[in-house]
Amino acid sequence: SGGSRPAGGGTAAAPLVDGNTARIRVLGVPAGAEVRFNGEPRGPEFRVPMSSDEHAIEVAVPGRPSVVRRVRPTSDLTIDVAAEFAARDEAGMSPP
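Every value quoted in this text rests on a predicted model; they were computed, and no experiment measured them.

Let's shift gears to the environment of V81. Tracing the chain through its elements places V81 in the loop between β7 (77-80) and α1 (82-93). Sequence separation of V81 and V59 is 22 residues, and the distance between their C-alpha atoms is 8.2 Å. Residues contacting V81, with those up to four places away along its chain left out, are V26, L27, G28, V29, V59, V67 and R69.

And the structure:
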């Protein structure tokens with residue numbers, strides 16, 4: 001009748017949900033941190049075009065060193081940075 005079908009959830013992200021994207025989830029992101037993919041601000045969960053090239057995921061916290069992971073998004077990925085931030089917190093609490 002109109003030729004158009006409503007997309008799955010009707011969200012803006014619906015067109016990205018196909019076989020050519022990988023879902024990236026970043027767990028353990030500290031409060032106030034920014035998650036970046038190749039330097040571009042993203043959220044803790046986002047989709048990127050699948051690629052066998054290496055890309056950088058950075059979790060930046062103001063006043064602290066960033067955690068950077070190198071990934072090849074050939075499929076959905078879950079990255080947990082909680083342990084790295086916890087280890088840095090412990091190291092930071094001991095006197096120099």
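Regular strands show a simple pattern: their side chains alternate between the two faces of the sheet. In this sheet, strand β4 (residues 45-49) lies alongside strand β1 (residues 21-27) in antiparallel orientation, the contact comprising five bridges. Bridge assignment links R23 to a residue of β4, and that residue is R47. Pairing of β1 with β7 involves four bridges; the strand directions are parallel. Counted as the bridge partner of I24 is L77 from β7.

With that settled, consider the sheet that holds strand β5 (residues 55-60). The strand order β3-β2-β5-β6 describes an open sheet built from four strands, whose pairing is antiparallel. Looking at strand neighbours, the two that pair on one side only are β3 (40-42) and β6 (67-71), the edges of this open sheet. Each adjacent strand pair in this sheet contributes to an overall mean axis angle of 30°, direction not counted. Relative to β6, β5 runs antiparallel, the two being bridged by five bridges. Pairing of H55 across the sheet is with V71, part of β6.

Counting residues in each nonpolar core, the largest one holds 15 residues, and the members touching the most others are I24, V26, F46, I57 and V81. Of all elements in the fold, only β1, β2 (34-37), β4, β5 and β6 reach the threshold of two or more residues within this core. Ranked by the residues each element gives to this core, the list is headed by β1, at three residues. In this structure V26 touches V35, P44, I57, V59, I79 and V81, once residues within four positions along its chain are discounted.

In spatial order, the strands read β4-β1-β7; together these three strands make up an open sheet with mixed pairing. Each having just a single partner strand, β4 and β7 make up the two edges of the open sheet. Geometrically, the sheet is characterised by an average inter-axis angle of 25° between neighbouring strands, direction not taken into account.

For the structure on display, the rule yields seven salt bridges. For the salt bridge of R42 with E40, the shortest nitrogen-to-oxygen distance reads 3.8 Å. One salt bridge connects R69 with E84, and the closest N-O pair in it is separated by 2.2 Å. Of this pair, R69 sits in strand β6 while E84 sits in helix α1, and the two are 15 residues apart along the sequence. Look at R69 and you get partly exposed, because its relative accessible area is 28%.

About the cut-offs
Residues numbered from 1 in each chain as written. Predicted model: local features only at pLDDT ≥ 70, side-chain atom pairs only at ≥ 80, totals over all residues. Heavy atoms only, no water. Helix = DSSP H or I, 4+ residues; strand = E, 2+ residues; numbered from the N terminus. Contact = heavy atoms within 4.5 Å. Pairing = 2+ DSSP bridges. Axes fitted to C-alpha atoms, helices over the stretch in contact; angles between N-to-C directions. Core = buried A, V, L, I, M, F, W, Y, C linked by side-chain atoms within 4.5 Å. Buried < 20%, exposed > 50% of the residue type's maximum accessible area, 1.4 Å probe, protein only. Salt bridge = Lys/Arg side-chain N within 4 Å of Asp/Glu carboxyl O.

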